[in-house]
Amino acid sequence: MIDVIYFFVFVVLCFFTIFPTTEIESVGLTVDQWCSRYVTDGFVQYHIKLTSFKLLLHTSMPLCYFLVLWLLAWINPAEFGTAVQFTVSGQYLWNISISLAIALFIVTNVNVLYWAMDAWSNHPIAKKLQRFTTPMMPDWRSVATNINDEYRRDTKMVIRSNAISTLVVTESWIIKTNLYGISVARQNESSLVAYKVDFQDVLTDTVDATQFINIAVKPPQERLQFTIRVNGDHFKDFQDHVNRPIVLLPSVQFRSVIDRFVDVFKEQVALNPIVPSTAIASIEGDNCLACLQVIPDVKIQKHCLDVGADGLLLPDDQRCQPCHCRPLWCVSCLALWFASRQQKSERDTWLSKKATCPMCRARFCVLDVCMIEENVGRIQE
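Conventions and cut-offs
- Residues numbered from 1 in each chain as written.
- Predicted model: local features only at pLDDT ≥ 70, side-chain atom pairs only at ≥ 80, totals over all residues.
- Heavy atoms only, no water.
- Helix = DSSP H or I, 4+ residues; strand = E, 2+ residues; numbered from the N terminus.
- Buried < 20%, exposed > 50% of the residue type's maximum accessible area, 1.4 Å probe, protein only.
- Contact = heavy atoms within 4.5 Å.
- Areas by Shrake-Rupley, 256 points an atom, 1.4 Å probe, with all protein chains shown as cover.
- Phe/Tyr/Trp six-rings, centres within 6.5 Å; stacked < 30°, edge-to-face > 60°.
- Lys NZ or Arg CZ within 6 Å of the ring centre and 35° of its normal.
- Expected span 1.5 Å × (residues − 1).
- Pairing = 2+ DSSP bridges.
- Axes fitted to C-alpha atoms, helices over the stretch in contact; angles between N-to-C directions.
- Left-handed = near helix turned anticlockwise from the far one by under 90°.
- Nonpolar A, V, L, I, M, F, W, Y, C, P; charged D, E, K, R; others polar.
- Parallel < 35°, antiparallel > 145°, perpendicular 65-115°, else oblique.
- pLDDT = per-residue confidence, 0-100.

Give me the overall build of the chain: which residues, what numbers.
Looking only at helices and strands, one finds 12 helices and 12 strands in the chain. Burial status across the chain gives 39% buried among its 381 residues. In the chain, 58% of the contacts between residues at least 6 apart in sequence involve partners at least 24 apart. Counting only carbon and sulfur atoms, one obtains 59% of the accessible surface of the chain, whose full area is about 21500 Å².

Residues and numbers for the packing of aromatic side chains, please.
Throughout the structure, instances matching the rule amount to 11 aromatic pairs. Ring geometry for Phe261 versus Trp350: centroids 5.4 Å apart, planes at 85°, classification edge-to-face. You can see Phe261 sitting in helix 11 (residues 257-271) and its partner Trp350 sitting in the loop between helix 12 (331-340) and strand 10 (354-356), a full 89 residues away along the chain. One aromatic cluster in this structure is built from Phe261, Phe265, Phe338, Trp350 and Phe364. Cation over ring: Arg341 sits above Trp337, and NZ or CZ is 4.7 Å from the ring centre.

Break down helix 11 for me, with residues and values.
Its 15 residues give helix 11 an end-to-end C-alpha distance of 22 Å, which sits within 8% of 21 Å, the value for a rise of 1.5 Å per residue. Taken together, the buried positions of helix 11 are occupied by Val257, Phe261, Val262, Phe265, Lys266, Gln268 and Val269. Packing partners of the buried residues in helix 11 comprise strand 9 (298-300), helix 12 and strand 12 (369-371).

Please provide a residue-by-residue account of the environment of Leu29, values included.
Summarising the element assignment, Leu29 is placed in the loop between helix 2 (22-26) and helix 3 (31-38). The exposure class of Leu29 is exposed, given its relative accessible area of 52%. Each C-alpha atom, one on Leu29 and one on Thr17, is 8.6 Å from the other, the two residues being 12 residues apart in sequence. Excluding anything up to four places from it in sequence, Leu29 contacts Ile24 and Trp34.

Requested: an account of the pairing of strand 1 (residues 157-162), with residues and values cited.
If a strand is regular, its side chains alternate between the two faces of the sheet. The pairing of strand 1 with strand 2 (residues 165-169) spans 5 bridges and is classified as antiparallel. Bridge pairing links Asn162 to Ser165 in strand 2. Linking strand 1 to strand 2, which pair antiparallel, is a turn of 2 residues.

Residue-level account of the sheet that holds strand 2, with values.
Taking strand neighbours across the sheet as the criterion, the 4 strands line up as 1-2-3-4 in an open arrangement whose pairing is antiparallel. For this open sheet the edge positions go to strand 1 and strand 4 (182-186), each flanked by a neighbour on one side alone. On average, adjacent strands in this sheet sit at an angle of 15° to one another, irrespective of strand direction. Helix 9 (residues 140-151) rests against strand 1, strand 2, strand 3 (173-177) and strand 4 of the sheet, and its axis sits at about 90° to strand 3.

Quick one: what's the story with the side chain of Thr108, residue by residue and with numbers?
Mapped onto the fold, Thr108 is located in helix 7 (residues 92-120). Setting aside its immediate chain neighbours within four residues, Thr108 contacts Leu55, Leu56 and Thr59.

An account of the packing of helix 11 against helix 12 is requested, with residue identities and associated values reported.
Two elements in contact, helix 11 and helix 12, have axes whose closest approach is 9 Å; the angle formed by their N-to-C orientations is 120°. Two packed elements cross with a definite hand, and for helix 11 against helix 12 that hand is right-handed. Packed against helix 11, whose contacting residues are Ile258, Phe261, Val262, Phe265, Lys266 and Val269, the element helix 12 presents Val331, Ser332, Ala335, Leu336, Phe338 and Ala339 at the interface. Of the residues that constitute the contact of helix 11 with helix 12, the class distribution is 10 nonpolar, 1 polar and 1 charged.

Got a sec to walk through the packing of helix 4 (residues 43-59) against helix 9? Specific residues and values, please.
One can describe the packing of helix 4 onto helix 9 by two numbers: an axis separation of 7 Å at closest approach and a directional angle of 110°. Taken together, the axis directions place helix 4 and helix 9 in an arrangement best described as roughly perpendicular. Of the residues in helix 9, those touching helix 4 at Phe43, Val44, Gln45 and Ile48 are Trp140, Ala144, Ile147, Asn148 and Tyr151. Looking at the contact of helix 4 with helix 9 residue by residue, the classes come out as 7 nonpolar, 2 polar and no charged.

An account of the confidence of the model for the chain is needed here, citing residue identities and associated values.
Across the chain, the average pLDDT comes to 84, with 89% of residues at 70 or higher. Note on residues 202-207: pLDDT is under 50 here. Beyond four places in sequence and across chains, it has 6 contacts.

Following this line, the structure appears as structure tokens:
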């Protein structure tokens with residue numbers, strides 16, 4: 001029974017070694033962080049050595065399990081001797097398992113030694129970079145140097161997709177790191193196609209459904225095509241960093257958290273009292289100060305009752321305040337301003353929060369945002 005417990009403990013340790021959690025990363029107990037302390041080469045060379053070390057480490061885990069059992073049996077034969085006797089001499093299946101573990105370890109070592117020959121020219125990453133050679137970059141090392149130089153610049157974008165994958169966008173390259181390799185594409189030769197949007201529950205302070213956009217990166221070499229998943233919150237930044245247009249297929253209906261909040265904000269404003277156009281100064285010829293595209297169609301005018309969720313009167317420093325500014329904003333831009341003043345971790349309660357007027361800093365809530373009479377129809381657009 002004791003050997004079964006140690007087996008499951010070992011499996012758990014192996015699992016979190018391969019797929020570290022955020023808590024494990026925060027204390028620096030990951031293979032990536034250990035290697036970063038000793039491997040100081042450029043980005044490409046670092047991942048060549050990192051993937052080789054990971055492969056050696058992960059394939060040695062089965063052999064380590066048997067070695068630990070033997071060591072425990074030698075230290076405490078009364079408790080673990082039965083387990084070793086069972087695993088080594090008692091069962092043919094366990095003998096085969098040990099043999100396979102030793103063979104896997106030997107084959108992996110030989111394979112990594114082959115990769116390391118000729119300064120790692122036989123590594124799969126090096127062979128992949130060889131496909132991007134040009135007259136200006138005649139071999140894979142020149143391509144790697146170009147990637148390393150761009151990675152050092154502040155203009156790069158790095159998005160951690162999950163525990164084993166990271167997306168890196170430099171001025172010329174799109175790179176996706178994986179457990180045992182990387183996928184690379186040169187931006188000016190590749191097409192980007194967003195083909196699917198899926199949702200995933202992400203546990204932060206609350207459980208929130210996060211949108212992920214699946215994008216196919218298609219370089220001219222069909223064998224080098226790969227897929228990346230970009231969090232909806234990072235999609236706009238990703239668009240800004242790539243120098244290629246992203247083709248959105250008709251089936252892709254992507255709406256960010258901010259876009260959805262603007263729609264809900266508009267729905268609430270449509271239920272609020274309407275401000276007669278005769279009660280405000282003329283805004284004819286004026287455009288929204290934020291977008292400069294449409295005329296201002298809302299005014300901040302206090303209508304809320306200054307009571308909290310418990311029905312009690314709010315203290316003075318939490319009450320909404322009168323705003324005497326003339327209409328300067330459209331409802332969409334005011335909704336964006338309202339959202340920008342909130343905490344990201346409190347998305348579920350944004351609509352019940354408060355913000356300040358962009359001009360006079362008077363405190364207001366969504367109940368104080370009123371449509372101007374002559375523009376009521378536009379909120380339905």
